Amino acid sequence: MDEALDHKGRNCWDRYGSETEMQAMDGLAGEYVDFLTRCKTERETVQWVLEQSRAFGFSEDIQQGAVVLPFRGKAVLLARRGENPLAEGLRLITAHVDTPHLDLKQHPLHEECQVGLMKTHYYGGLKKYQWLARPLALHGTVALADGSVVSVCLGEDDEEPVLTVLDLLPHLSRKQREETVEKAFVAEKLNVAVGHVPSLGGKESRVRQNVLELLHARYGFREEDLFSAELQIVPAGKARFVGLDRGLVGGYGQDDRLCVFAAFKAFMGAPASAHTQVLLLWDKEEIGSDGATGAKSRFMEYALTDIMEVWEPAARLRHVLGRSKAVSADVHAPMDPDYQDVHDKYNASLLGFGPVFSKFTGHGGKYGASEADAEYVAWFRALLARDAIPWQMAEMGKVDEGGGGTVAKELAVYGMEIIDFGPGVLSMHSPFEVSSKADLYATVQAYTAFYLS
Ligand code: MN
Ligand code: MN
């Protein structure tokens, strides 16, 4: 027989091993590391997308064929008009810009034992102990009562101070060691150290008072302004290459900024083609996609309706969406070399073998899942085979080990064909997530092929 009957995954390092492609891979990874370093919050990521897309000629003027429609600085839809009528469907890639972090509480500031502290409320699924005893930065936005908005970014420049959550010394951790992880690390102890020097004025809480004075001097805000703030604690510092061979990328927020970046590169790199191409970035995925800027909101419907009214008033939204093909671009959990037992090795993915299809997500007996049709998977693998792009088909972990969801099910309700398809990330949801340079490269190729299909 000419063709092997069995399926073997294709290793990206072999597929893209030529000198030219290795150079292209390095260039792309360098840009990605820079992007990760700059974009640590949903607002910063959307801002980056806006600036970049304007440089590519995209604007909010729908009369043009290249449109970028932001929403509240936290979600954004980009569209490039295709040659075919809209009723023949879109080529849509969607990803999320939010990442697990610590939010400041509304009354964050207090003082204990001569240390100024700020209380936090964690956002998304994180392992609390990973946020202790490490340099942290403060990013966000404070809206003042006079209508002005102050952007905050503290702790990223080498000259600037950082913040940190204190951890208990091992010498006095006997009781803590006997607890389960869940009980040993509690949310109310996730307080960031923000000061130590007392104010010269005042009698009580002089460290706290001094922090208020410094905030006022630096940013012009008072304690009450913290009520109308979105201030996030994120890991401080740059994204970095990992390993002697620099084959891995380490950095905060790769779930899902790895897909945001790959999809953006593919979108901007693709010329206009038959179908209208859409890139849609959501907030709030990590906490269930609710709210005005999450995937359960009406943002996509309203934005597409606005576009249709200008481009093709006769088109119907239900046809445009119902005949669309879509990718839920979210990262996958590849086989962890040290915790292989949580994966079903026959249905797990590997770092370096390309982006991963998850036919469905959810947990247990596929609860909370949308599932891609067999026909769509067949269409997709034929597309990737044309350019010999590496890809994998996998489930996330053993059946009853846990699970997770993505925005796929929120868009599937419109009847579009949609499947989760994205590269693997190790140490997912940690302050220092790890991905493969080769997977990033293959993912851009795959998303480009999709946009041009
Ligand atoms: Mn994700
Ligand atoms: Mn996630």
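Quantities reported herein were computed from a predicted structural model and do not represent experimental measurements.

**Here we look at the coordination of the manganese ion (ligand 1)**
In step 1: Here the manganese ion (ligand 1) is held by the protein donor atoms His96 (NE2), Asp255 (OD), Asp330 (OD) and Asp330 (OD), which lie 2.1 to 2.6 Å from it.
In step 2: Between the donor residues of the manganese ion (ligand 1), the gaps in sequence give the motif H-x158-D-x74-D.
In step 3: Taken as an interatomic distance, the gap from the manganese ion (ligand 1) to the manganese ion (ligand 2) is 3.4 Å; Asp255 donates to each of them. Within this pair, whereas His96 is found in strand 3 (residues 90-96), its partner Asp255 is found in helix 7 (residues 254-269), the two being separated by 159 residues in sequence.
In step 4: On the basis of relative accessibility, which here comes to 3%, the residue Asp255 falls in the buried class.

**Observations concerning the packing of aromatic side chains**
In step 1: Going through the model one piece at a time under the given rule, you end up with 26 aromatic pairs.
In step 2: Ring centres of Phe71 and Phe299 lie 5.4 Å apart, and the angle between their planes is 15 degrees; on these two criteria the pair is classed as stacked. Highlighted residues: Phe71 in strand 1 (residues 66-71) and Phe299 in helix 8 (residues 299-311), separated in sequence by 228 residues.
In step 3: Members of the aromatic cluster, connected to one another through ring pairs, are Phe58, Phe267, Phe357, Tyr376, Trp379, Phe380, Trp391, Phe421, Tyr447, Phe450 and Tyr451.

**Re the domain arrangement of the protein chain**
One widely used convention gives an interface's size as the accessible area the parts lose upon coming together.
In step 1: Looking at the assigned domains, one finds that the protein chain contains domain 1 (3-99 + 252-451) and domain 2 (101-235).
In step 2: Contact with domain 1, which involves 17 residues of that partner, is made by 15 residues of domain 2.
In step 3: In this assembly, domain 1 packs against domain 2 so that about 1400 Å² is buried in total across both faces, 48% of it on carbon and sulfur atoms.
In step 4: In this assembly, domain 1 and domain 2 are joined by three salt bridges.

**Looking at the coordination of the manganese ion (ligand 2)**
In step 1: Around the manganese ion (ligand 2), the protein contributes the donor atoms Asp255 (OD), Glu286 (OE), Glu286 (OE) and His429 (NE2), which lie 2.1 to 2.6 Å from the metal centre.
In step 2: When the donor residues of the manganese ion (ligand 2) are listed from N- to C-terminus, their spacing reads D-x30-E-x142-H.

**With respect to a nonpolar patch on the surface**
In step 1: Taken together, Leu168, Leu169 and Leu172 make up a surface patch of nonpolar side chains, about 280 Å² in accessible area.
In step 2: Looking at Leu169, the relative accessible area reads 38%, which means it is partly exposed.

**Re the sheet that holds strand 12 (residues 248-251)**
In step 1: Strand order in this open sheet of three strands is 11-12-20, and the pairing throughout is antiparallel. Pairing within the sheet leaves two strands with one partner each, and these edge strands are strand 11 (240-242) and strand 20 (433-436). Recorded for the sheet is a direction-independent mean angle of 35 degrees between the axes of neighbouring strands.
In step 2: Its contacts with the sheet place helix 2 (residues 19-38) against strand 11, strand 12 and strand 20, and it is angled at close to 125 degrees to strand 11.
In step 3: Sheet strands in contact with helix 7 are strand 12 and strand 20, and its direction is about 30 degrees off that of strand 20.

**Focus on the sheet that holds strand 8 (residues 164-165)**
In step 1: Spatially, 7-6-10-4-5-9-8 is the arrangement adopted by the seven strands of the open sheet, whose pairing is antiparallel. The open sheet has two free edges, formed respectively by strand 7 (149-154) and strand 8, since each of these has just one partner strand.
In step 2: Strand direction decides the pairing type here: strand 8 and strand 9 (residues 191-195), joined by two bridges, are antiparallel. Its bridge partner being in strand 9, Val165 is matched across the sheet by Val192.

Reading guide: rules and limits
Residues numbered from 1 in each chain as written. Chains lettered and ligands numbered in written order. Predicted model: local features only at pLDDT ≥ 70, side-chain atom pairs only at ≥ 80, totals over all residues. Heavy atoms only, no water. Donors = N, O, S within 2.8 Å, 3.2 Å for Na, K, Ca; no water. Helix = DSSP H or I, 4+ residues; strand = E, 2+ residues; numbered from the N terminus. Buried < 20%, exposed > 50% of the residue type's maximum accessible area, 1.4 Å probe, protein only. Phe/Tyr/Trp six-rings, centres within 6.5 Å; stacked < 30°, edge-to-face > 60°. Domains from an automatic or database assignment. Contact = heavy atoms within 4.5 Å. Buried area = accessible area lost by both parts, 1.4 Å probe. Salt bridge = Lys/Arg side-chain N within 4 Å of Asp/Glu carboxyl O. Patch = residues over 30% accessible without salt bridge, like charges linked within 9 Å, V, L, I, M, F, W, Y side chains within 5 Å. Areas by Shrake-Rupley, 256 points an atom, 1.4 Å probe, with all protein chains shown as cover. Pairing = 2+ DSSP bridges. Axes fitted to C-alpha atoms, helices over the stretch in contact; angles between N-to-C directions.

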